[in-house]
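Structural overview for review
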Amino acid sequence: MKILVVGSGGREHALVWRLAQSGHAIVCAPGNPGIEPLARCVPVRVDDHAGIVELAVSEAVDLVVVGPEAPLVAGLADRLRARGVVTFGPNADGARLEGSKAFSKEFFARHRIPTAAFRTVTTVAEADAAIAELGKVVVKADGLAAGKGVVIAADAAEARAAARDMLEARRFGDAGATVVIEQHIVGREVSVIAFTDGTRLEVMPAVEDHKTIFDGDRGPNTGGMGTVSPAWTSDAVMTRVIREILEPTVAGLAADKIDYRGVLYAGVMVDAQGTPWLLEYNCRFGDPETQPIMARAIGDLGAVLASAARGELQHGLLGWDARVAVCVVVAAAGYPGTPKTGDLIRIGAVPDDVVVFHAGTAERDGVLVSAGGRVLGVTALGISVTQARERAYAVVDAIELPGKQARRDIGARR
């Protein structure tokens, strides 16, 4: 097949890397320096929807895979399908599951999907009342905020400050004009990613993310500083996630007449009793969750995505390497605030069982430089978490990037 992958980050590099191993011809818009050896990169921005549609049509691609969430929320998949292009990624109505926390929480409640008690607010007074009512809370910007619009408040004072930061100071712009105040559930979080054609599900092995910038889960939230697959979850927990969260979601989308063909990425909190609670959905592949999943995937990913996009998802086309995959993110100085960019990157030698996925890189005057907050995702396979971690960190330590940041505890909590 000829496949167009839309995006320029680590997630897209991992997808292109896996698709290329099945012999597919790949075009990527706009791509990045890590993708260039694997695909023909075309300089069309992800927010240039007309340009992407025309590229897909002119290239006569068999499939488009949309990586980032913003173009899906803005309706890129709708425009592609309107031109007859087979597309893996939900239309705008389905992408609201990620694009609006308020919409998604109301969807969960309407379809009896287990989730934390919540209130949707638009004023400081409403936020203060919700915080007083719910106790210890998580404060979430309603719209897209690049994974940073969530504050797990230590107390009511921090919760009120976070709400004011979003509603009054507009830290996240229009994304924080509406805020969800959610009761804090204590437990351990896991990411469960599934493909769906609107009726059937194909569930990937679970992944554990490390969301904060510093070791020990300290500091502000980021888009993700590292991942491990498979996660710590048991078969019993995964069965409950599928039966109580994923399957009711697909049924709820159908009941609401939303034709959803793409990724359902569930952020799930599992409490001390083993009960899974749905925190949120993403409408696309996770980043950096995709990296270890693709490192472990065996089979023709393109055939699976195409079948889901056509509404006839085929099971059994993918298998999984028995080894563990650990991805460690190398971030730029200043991240997750204002990252320093334009710095020279030297990666050095990379062993066979390690892949360095490019997330925020560019090529300038023939050299590799940083071009974003999360710069690289070093992903290693090993027969154990310990071995995979050792292999990943050996490469991380050899990477030269001024002021680089990397958590040292990815995969340490098992």
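On to the overall build of the protein, then. Helix and strand content of the protein: 12 helices and 24 strands. Compactness check: the protein gives a C-alpha radius of gyration of 20 Å against a globular reference of 22 Å for 414 residues, within 12% of the reference. For the C-alpha atoms alone, the extent of the protein along its principal axes is close to 55 × 45 × 40 Å. Long-range contacts, defined here as pairs at least 24 residues apart, represent 65% of the contacts in the protein between residues at least 6 apart. Accessible surface computed for the protein: about 15600 Å², of which carbon and sulfur atoms make up 51%. Both charge centroids of the protein, one from 44 positive and one from 50 negative side chains, sit 1 Å from each other.

Okay, the packing of helix 7 (residues 124–134) against helix 8 (residues 156–167) next. At their nearest, the axes of helix 7 and helix 8 sit 10 Å apart, and the two run at 155 degrees to each other. Considered as vectors, helix 7 and helix 8 are oriented roughly antiparallel to each other. Helix 7 and helix 8 meet at a crossing whose hand is right-handed. Contacts between helix 7 and helix 8 pair Val124, Ala127, Asp128 and Ile131 from the former with Ala156, Ala159, Arg160, Ala163, Arg164 and Leu167 from the latter. Partitioning the contact of helix 7 with helix 8 into residue classes produces 7 nonpolar, no polar and 3 charged.

Our next topic: the state of the cysteines. The tally for this structure, following the rule as stated, stands at 0 disulfides. With no disulfide partner, Cys41 has as its closest neighbouring cysteine sulfur the one in Cys28, 5.1 Å distant. Not engaged in a disulfide, the cysteine Cys327 finds its nearest cysteine sulfur in Cys28; these two sulfurs lie 18 Å apart. Accessibility expressed as a relative area gives 0% for Cys327, which makes it buried.

A few words on the sheet that holds strand 1 (residues 2–7). Spatial ordering of the open sheet is given by 3-2-1-4-5, a layout of 5 strands whose pairing is parallel. Looking along the sheet, the strands with just one partner apiece sit at the ends: strand 3 (40–41) and strand 5 (87–88). In this structure, strand 4 (residues 63–66) lies alongside strand 5, joined through 2 bridges in parallel fashion. Looking at strand 5, one finds that Val65 is bridged to Phe88. Those strands touched by helix 2 (residues 49–58) are strand 1, strand 2 (25–30) and strand 4, and its axis lies near 170 degrees from that of strand 1. The strands touched by helix 11 (residues 301–309) within the sheet are strand 1, strand 4 and strand 5, with strand 4 carrying the most contacts at an inclination of about 95 degrees.

Another aspect to go through is the sheet that holds strand 10 (residues 188–196). The strand order across the open sheet built from 4 strands is 11-10-16-17, with neighbouring strands paired in antiparallel fashion. Lying at the two open borders of the sheet, with one neighbouring strand each, are strand 11 (201–203) and strand 17 (276–282). The mean inter-strand angle of the sheet, taken between neighbouring strand axes irrespective of direction, is 35 degrees. Pairing geometry for strand 10 and strand 11, over 3 bridges, is antiparallel. Bridging from a neighbouring strand, Ala194 pairs with Val203 of strand 11. Seen against the sheet, helix 9 (residues 235–255) touches strand 10, strand 11, strand 16 (262–270) and strand 17 and runs at an angle of roughly 50 degrees to strand 17.

Taken as a whole, this structure holds 30 salt bridges when the rule is applied. Of the charged contacts in the structure, one is a salt bridge between Asp256 and Arg110, with a shortest N-O distance of 2.9 Å. Here the residue Asp256 occupies a position in the loop between helix 9 and strand 16, and Arg110 occupies one in helix 6 (residues 101–110), the gap between them amounting to 146 residues. Relative accessible area serves as the criterion here: at 28%, Asp256 is assigned to the partly exposed category.

With that out of the way, let us pick up the pairing of strand 21 (residues 354–358). Residues in a regular strand point their side chains to alternate faces of the sheet. Most of strand 21 is tucked away: 5 of the 5 residues are buried. Residues Val354, Val356 and His358 of strand 21 are buried on one face, and the alternating residues Val355 and Phe357, pointing to the opposite face, are buried as well.

Our focus in this paragraph is the packing of aromatic side chains. The geometry of an aromatic ring pair comes down to the distance between the two centres and the angle between the two planes. Tallied over the full model, the rule gives 7 aromatic pairs. Members of the aromatic cluster, each reached through a chain of ring pairs, are Phe103, Phe107, Phe108 and Tyr281.

Its place among the elements puts Ser384 in the loop between strand 24 (374–382) and helix 12 (385–398). A relative accessible area of 29% means that Ser384 is categorised as partly exposed. Separated by 55 residues in the primary sequence, Ser384 and Val329 have C-alpha atoms spaced 19 Å apart.

Calculation notes
- Residues numbered from 1 in each chain as written.
- Predicted model: local features only at pLDDT ≥ 70, side-chain atom pairs only at ≥ 80, totals over all residues.
- Heavy atoms only, no water.
- Helix = DSSP H or I, 4+ residues; strand = E, 2+ residues; numbered from the N terminus.
- Rg over C-alpha atoms; globule rule 2.2 N^0.38 Å.
- Contact = heavy atoms within 4.5 Å.
- Areas by Shrake-Rupley, 256 points an atom, 1.4 Å probe, with all protein chains shown as cover.
- Lys, Arg positive; Asp, Glu negative; His and termini not counted.
- Charge placed at Lys NZ, Arg CZ, Asp CG, Glu CD.
- Axes fitted to C-alpha atoms, helices over the stretch in contact; angles between N-to-C directions.
- Parallel < 35°, antiparallel > 145°, perpendicular 65-115°, else oblique.
- Left-handed = near helix turned anticlockwise from the far one by under 90°.
- Nonpolar A, V, L, I, M, F, W, Y, C, P; charged D, E, K, R; others polar.
- Disulfide = S-S within 2.5 Å.
- Buried < 20%, exposed > 50% of the residue type's maximum accessible area, 1.4 Å probe, protein only.
- Pairing = 2+ DSSP bridges.
- Salt bridge = Lys/Arg side-chain N within 4 Å of Asp/Glu carboxyl O.
- Phe/Tyr/Trp six-rings, centres within 6.5 Å; stacked < 30°, edge-to-face > 60°.

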